[in-house]
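The primary structure of each chain is shown beneath.
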Amino acid sequence: MGSYVYDFTQGNRDQKELLGGKGANLAEMTNLGLPVPPGFTISTDACRAFLVAGVEPAGLQDEVDAHVRALEERMGRRLGDPVDPLLVSVRSGAKFSMPGMMETVLDVGLNDESVAGLAAQSGDDRFATDSYRRLLQMFGSTVLGVESDAFGDRLDALKAERGVTSDADLSADDLRSLVADFKAVIREHTGADFPQDPREQLRRAVHAVFESWNTPRAALYRRQERIPDDLGTAVNVQAMVFGNRGASSGSGVCFTRDPATGEPGVYGDYLVNAQGEDVVAGIRNTVPLADLGEIDPTSYHELLRIMEVLEKHYRDMCDLEFTIEEGHLWMLQTRVGKRTAEAAVRIATDMIAEGLIDQDEALLRVSGHQLVALMFPRFAPDPDRHPVATGMNASPGAAVGRAVLDTETAVAWAERGETVILVRKETNPDDLAGMMAAHGVLTARGGKTSHAAVVARGMGVTCVCGVEAIEIDLPNRRFTVYGGPTVEEGDVISIDGTTGEVFLGEVPVSDPDVVRRLEGETVEDRTADMVGALLERADQVRRLGVRANADTPEDAIRARRFGAAGIGLCRTEHMFLGERRHLVERLIVAREEGERHAALAQLEPLQRQDFSEIFEAMDGLPVTVRLIDPPLHEFLPDLTDLAVRVAIEEERHEENLRDHDMLEAVRRLHEHNPMLGLRGVRLGIAIPGLFIMQARAIAAATADRIEAGGDPRPEIMVPLVVHERELTLVRAELEQVIAEVSAERGIDLRIPIGTMIELPRAALLADRIARTADFFSFGTNDLTQTTWGFSRDDVEAAFFPAYRDRGVFPVSPFESIDVDGVGELVRIGSRLGKETKPDLHIGVCGEHGGDPESIHFFDEAGIDYVSCSPFRVPVARWEAARAVLSRR
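First, a word on scope: everything that follows refers to the structure included in this document. Worth saying up front: this structure is predicted, and the values here are computed from it rather than measured.

**Digging into the nonpolar core**
Next, step 1: Counting residues in hydrophobic clusters, the biggest one holds 115 residues, and the most contacted among them are Leu 690, Ile 716, Val 718, Leu 734 and Phe 776.
Next, step 2: When residues of this core are assigned to their parent elements, the largest contribution, 9 residues, is made by helix α27 (residues 690–707).
Next, step 3: Apart from the residues within four sequence positions on either side, Val 718 is in contact with Leu 627, Val 681, Phe 691, Leu 727, Val 730, Leu 734, Ile 753, Gly 754, Thr 755 and Met 756.
Next, step 4: In terms of nonpolar packing, the next biggest core, distinct from the first, is built from 56 residues, Ala 119, Met 138, Leu 170 and Leu 202 among them.

**Notes on the sheet that holds strand β22 (residues 486–488)**
Next, step 1: Across the sheet, 3 strands lie side by side as β20-β21-β22; this open sheet has antiparallel pairing. Both outer strands of the open sheet, β20 (470–473) and β22, are each paired with one neighbouring strand and no more. Across the sheet, the mean angle separating the axes of adjacent strands is 20 degrees when strand polarity is ignored.
Next, step 2: Two strands pair when backbone bridges link them, and strand β21 (residues 478–481) and β22 are joined in this way by 3 bridges, in the antiparallel orientation. By the bridge assignment for β22, Thr 480 is matched with Thr 486.

**A word on the pairing of β21**
Next, step 1: Side-chain alternation along β21 places Phe 479 and Val 481 on a buried face and Arg 478 and Thr 480 on a face that remains uncovered.
Next, step 2: Strand direction decides the pairing type here: β20 and β21, joined by 4 bridges, are antiparallel. The partner of Glu 471 across the bridge, within β21, is Thr 480.
Next, step 3: Counting the residues between successive antiparallel strands, the hairpin from β20 to β21 contains 4 residues, one of them, Arg 477, with a positive phi of roughly 55 degrees.

**Some details on the packing of aromatic side chains**
Next, step 1: Scanning the entire structure with this criterion turns up 14 aromatic pairs.
Next, step 2: The interplanar angle of 15 degrees and the centroid separation of 6.2 Å between the aromatic rings of Phe 611 and Phe 615 together place this pair among those described as stacked. Taken together, the positions of Phe 611 and Phe 615, both in helix α23 (residues 593–617) and 4 residues apart, correspond to about one turn of that helix.
Next, step 3: Taken together, Trp 788, Phe 790, Phe 799, Tyr 803 and Phe 809 form an aromatic cluster joined through their ring pairs.
Next, step 4: Residue placement shows Arg 222 over the ring face of Trp 213; its charged tip is 4.0 Å from the ring centre.

**Quick notes on the state of the cysteines**
Next, step 1: Counted by the stated rule, this structure contains 0 disulfides.
Next, step 2: For Cys 465, which is in no disulfide, the shortest distance to another cysteine sulfur is to Cys 463 and amounts to 3.5 Å.
Next, step 3: Residue classification places Cys 465 among the buried positions, given a relative accessible area of 0%.
Next, step 4: As a non-bridged cysteine, Cys 845 has Cys 868 as the owner of its nearest cysteine sulfur, 11 Å distant.

**Examining the pattern of salt bridges**
Next, step 1: Evaluated as defined, the whole model comprises 72 salt bridges.
Next, step 2: In this structure, Glu 308 engages Lys 312 in a salt bridge whose closest nitrogen and oxygen atoms are separated by 3.2 Å. Here the residue Glu 308 and the residue Lys 312 both occupy positions in helix α12 (residues 297–314), the gap between them amounting to 4 residues, near one helical turn.
Next, step 3: For Lys 312, a relative accessible area of 53% gives the class exposed.
Next, step 4: Between Arg 679 and Asp 782 there is a salt bridge; the shortest N-O distance is 2.7 Å. Note that Arg 679 is positioned in the loop between α25 (657–669) and α26 (681–686) and Asp 782 in helix α31 (residues 780–788), a separation of 103 residues in sequence.
Next, step 5: Given a relative accessible area of 2%, Arg 679 falls into the buried group.
Next, step 6: Here Asp 782 falls in the buried class, since its relative accessible area comes to 11%.

**A short note on unusual backbone geometry**
Next, step 1: Within the chain, Arg 477 stands out as a residue other than glycine whose phi angle is a positive 55 degrees.
Next, step 2: Assessed through its relative accessible area of 25%, Arg 477 is described here as partly exposed.
Next, step 3: A positive phi angle is found at Leu 720, which is not glycine, with a value near 65 degrees.
Next, step 4: When you line up the elements, Leu 720 lands in the loop between β29 (713–718) and α28 (724–745).
Next, step 5: Classification of Leu 720 by relative accessible area gives buried; the value is 2%.

**As for helix α35 (residues 852–860)**
Next, step 1: When we look at burial in α35, the residues that qualify are Pro 852, Ser 854, Ile 855, Phe 857, Phe 858 and Asp 859.
Next, step 2: In the core, the buried residues of α35 are packed alongside α15 (368–374), α31, α34 (822–836), β32 (841–844), β33 (865–868) and α36 (873–886).
Next, step 3: Positive phi shows up at Gly 862, right after α35, with a value of about 85 degrees.

**A look at the side chain of Asp 269**
Next, step 1: With respect to the secondary-structure elements, Asp 269 resides in strand β9 (residues 264–272).
Next, step 2: Given a relative accessible area of 4%, Asp 269 falls into the buried group.

**Overview of the sheet that holds strand β2 (residues 39–42)**
Next, step 1: Pairing in this open sheet of 5 strands is antiparallel, and the strands run β1-β2-β7-β5-β6 from one edge to the other. At either margin of the open sheet sits one strand with a lone partner, and together these are β1 (5–7) and β6 (104–108). In this sheet, neighbouring strand axes are inclined to one another by 20 degrees on average, regardless of whether the strands run parallel or antiparallel.
Next, step 2: Direction of pairing for strand β5 (residues 88–94) relative to β6: antiparallel, over a ladder of 3 bridges. Residue Val 88 lies in a different strand from β6, and its bridge partner there is Val 108.

**A few points about a negative patch on the surface**
Next, step 1: A surface patch of negative charge is lined by Glu 554, Asp 555, Glu 613 and Glu 616.
Next, step 2: Here Asp 555 lies in helix α21 (residues 553–561).

**Some details on the packing of α21 against α23**
Next, step 1: Orientation of α21 relative to α23, taken along the N-to-C sense of each, is 10 degrees, at an axis distance of 9 Å. The angle between α21 and α23 places the two elements in the roughly parallel class. Across the interface between the two elements, Pro 553, Ala 556, Ile 557 and Arg 560 from α21 touch Glu 613, Ile 614 and Ala 617 from α23.
Next, step 2: Looking at the contact of α21 with α23 residue by residue, the classes come out as 5 nonpolar, no polar and 2 charged.

Calculation criteria
Residues numbered from 1 in each chain as written. Predicted model: local features only at pLDDT ≥ 70, side-chain atom pairs only at ≥ 80, totals over all residues. Heavy atoms only, no water. Core = buried A, V, L, I, M, F, W, Y, C linked by side-chain atoms within 4.5 Å. Buried < 20%, exposed > 50% of the residue type's maximum accessible area, 1.4 Å probe, protein only. Helix = DSSP H or I, 4+ residues; strand = E, 2+ residues; numbered from the N terminus. Contact = heavy atoms within 4.5 Å. Pairing = 2+ DSSP bridges. Axes fitted to C-alpha atoms, helices over the stretch in contact; angles between N-to-C directions. Phe/Tyr/Trp six-rings, centres within 6.5 Å; stacked < 30°, edge-to-face > 60°. Lys NZ or Arg CZ within 6 Å of the ring centre and 35° of its normal. Disulfide = S-S within 2.5 Å. Salt bridge = Lys/Arg side-chain N within 4 Å of Asp/Glu carboxyl O. Patch = residues over 30% accessible without salt bridge, like charges linked within 9 Å, V, L, I, M, F, W, Y side chains within 5 Å. Areas by Shrake-Rupley, 256 points an atom, 1.4 Å probe, with all protein chains shown as cover. Lys, Arg positive; Asp, Glu negative; His and termini not counted. Charge placed at Lys NZ, Arg CZ, Asp CG, Glu CD. Parallel < 35°, antiparallel > 145°, perpendicular 65-115°, else oblique. Nonpolar A, V, L, I, M, F, W, Y, C, P; charged D, E, K, R; others polar.

Function-wise, these values are silent; they only describe arrangement.
Here's what the structure looks like:
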C-alpha cells in the first residue's frame, strides 16, 4: 500500500482514522462485492500534511497520477479524453460524519473538447452539456471561491425566461448558453479562464477539499459535535456514474430503518434524472423511495437486497447513497446513519430482539445526550388544535419561537435572548450557525434526507421539512401558507417534529412519556418502556454512584423517583431566600452578640424543618448538606440603591436607623471580588454561631426522624476549605454540637463531616485535609473558576465564543470537565486523599456531574459518585454504564 493513496480494494471499515468514514466504507462495500464505482482515497495523513505546510506533501502527486492511470485502465477510458472521457467525482470524507460541511466536486475531467466526446459516447447532447454546466458551477464556487449566487441567479433567470421551473426542462441549447455564461462568470470573478487541463482540475479540487476542513461552517460543526480539529479529511476520487441520463436514471438516499422513529421499513428519497447533490441539497422535492418500485422495479429490489446485506453486516441502521445510471444500480456511500433519540432507542431494542446486538451494545448505541432529548417537553394533546400546514417529520420534538428567515437574523435574535424558529426555503451548510441558534427548523423543500433533516437530527434540533404549502417572501420578510395566513418575521409559530405539523402562535407543551415513566407513572409508550428497561441494565453495569443536587423536598422526591441514590449536594443558602431574607439581614447588621443570637434562634427551627422534610423524602439514603457558602452580601440590598435611598432620607431629614445600619453593614461586607472573599468556611470562622446553628438544626432533624421511625443519613459538608486548620477548627465545633444534641435526645448521632475540594491548593494538599475529613466532594464549578482564573458569570459571554473560535478550547470548561487541568487536580486530590485514608469516600457535585463526557472521566478517575440536578440523574446512570462498557 502506498503512503498517501489507497485503492478501494485495499481498505476496510476499520480504517476510518486513515481513510475517513466514506473511504473506509467504500472499501468495505467493495470487499463485499457490492456495485461500487472504482476509485481511490487520498488519506487524512495527506490532508494534515497539506494543512500544516500549505503545499502538497512530497510524492503525493506521483501517487495520485499512478492511481488515475490504474483507474483509466480499469474503466477503459482516459481522464479528459476528447472521444470517450473518464470523469471522476472528488468528495470529502472525515473520520466522523460531517454531512454537507465540506466540499464535493462532480464531473471533473470535462472541458470544451471532452464534453463533445461525452455527448457522442452517451448519445445524449443535453446530458453532456448539463454535466459540464454542473462542473463549472461546482468548481467555480467550491474551488475558485465564486459566490454560488452568481451561478444560481443566472440559472434562475434563464428558467424564468424560458417559462420553466425545473432544471430538467431546459434544452441542450439552453444549457450551452448557460455554460458560456458560467465561464464568463468565472473569468469575471477570478480574472482567469476555467482550467481546461483535467489533471489541473483534479489537483485543485483535491486541494479545495483539503482546505474545506478549515471553513468556518466545518469548524462550527466540529465544535457542536465535539470533533477534534486535528483529524483532517480524506479525499475520495471515484469514477463518475450519472443519474442525470434521462428517465431511466436517478439518484437517491435511503435508510435501512426510519431515522426519525426507528421503525423498520423502506425510507428514503429518490429523484429521477438527477445527481446525488440534487437530493441532499433539497432544491427539488423528491419522491418517496417506495415509488422507485414502480419506476424501476429491478433496481428497487436490488437496492432492498443491498440494504439488508449492509444492515446485517454493520449490525446497525445504515444510511446509503445510490445512483441508477440507465437502469444500472451503483452504491456511492454507506455509513451508520444519524438518527433521532427516539429512533436510537427503538433501533437498539429492536436489534436486541432480532439477535443482532445485546443490551450492553444497545446502551453503547444510545448516548446520554440522546436520552436528554427524549426528556424534552412535547406538545400537549389537543383534539381541537389544527395545523396550518404539514410537512415531513424530519427530527422530533416540540419547538416554539419567533419565525426568522435567515441565519444572520436567527443568530442575532438568539443572542439577545429571543427563542427563534429558522424558516428557510431549504437550508445549506452555511445555515449551520442559524440552525444551532434556533430551537427548531422549518423548510419549504427537502425530505428526510435533505441537509436540514440530517443536520437537525444530528444536533437534536426539532425539524419539519418539505412544507410545500408555504411560500417564503424573503424581500418582505414573511411567508405565506397556501390558501391560508401570512406569517411576518417575528410572529410566534410552533412546529412538531414528530408529526410534521406547523401551528400559528404558541402551543402548550407537556412532559414526555419517558419522564412520566421514570417518575413512576404508568404510560402506554414503547420508547418509555424501552428506556426503563435499558436503565435497569445500566444500573447493573455501572460502578459509579449517582446522587442528586436537591435543596427542597420536592426536588428530593423527584430525584429519588429518577433513581438517585441520595443527595450529594443540599445547598442551604437557598433556604435563606424569600421571606427569610430579613432574618439574615438581622443577623448581619446585629451590633451586639444578643441580637445575633436572637436572629440565629429564629432561623434554627426553620432550618430544622427544612432538613426534616428532606431527610424524610430521602429516608434511608445519604443526604450531604453543604453549610452556607456564598458571600453574605448576596442576601443584602444593592449598595448603590441603598446609598441613594439613605441620601434622599437625609436630604428630607427622615432619619431611618435601620437603613443607616444596613448601609454600614453592606459597605463593611462589600468586596471587589466576592467569590474569593468572605464565604464558605471563612463565614463559619468569622461569624460565630452561624455554622453551629446549622449543625444543631441538622442534628435535631436527624433525631426527629429517628424518633419517628425513620432512617436519616445526613452528612455535613464544609465548603471552600483551603487549609487543613480551617476544617480542624470548624469540625471541633460541629462535633461538639452533635454531641450536645445526642445527649439531649438520648440518641447516638453519627454524622460524617467532610469537605468540598474546590480550590487548587486544597487538591494539591488533599492528603493533609483528609486527616480531618470523613469524605471529599469535588466542587468542579469553583475548581474550574479558580484553576482557569475565570469568573463564570463574567467570561462566558465576554470572550468564550472567541476562545472556541480560535481553538483555545472546543467546549466551555464549565460545560464539560477540562481533563488536562481541572481533571488532573481531581486525580491528584483523589490520590492524595486516599493515601491518607484508603476508605475515603469521594464524590463530585458540580454541574459536570450530569455531563456525559465528564462522567466518563470521573469513572476512569475512580470517583465514587457524581451528583447532578434531578433531571440529569437518569442521564448520569445511563452514561456511567456506558463508561464501563466503553472500556471493555
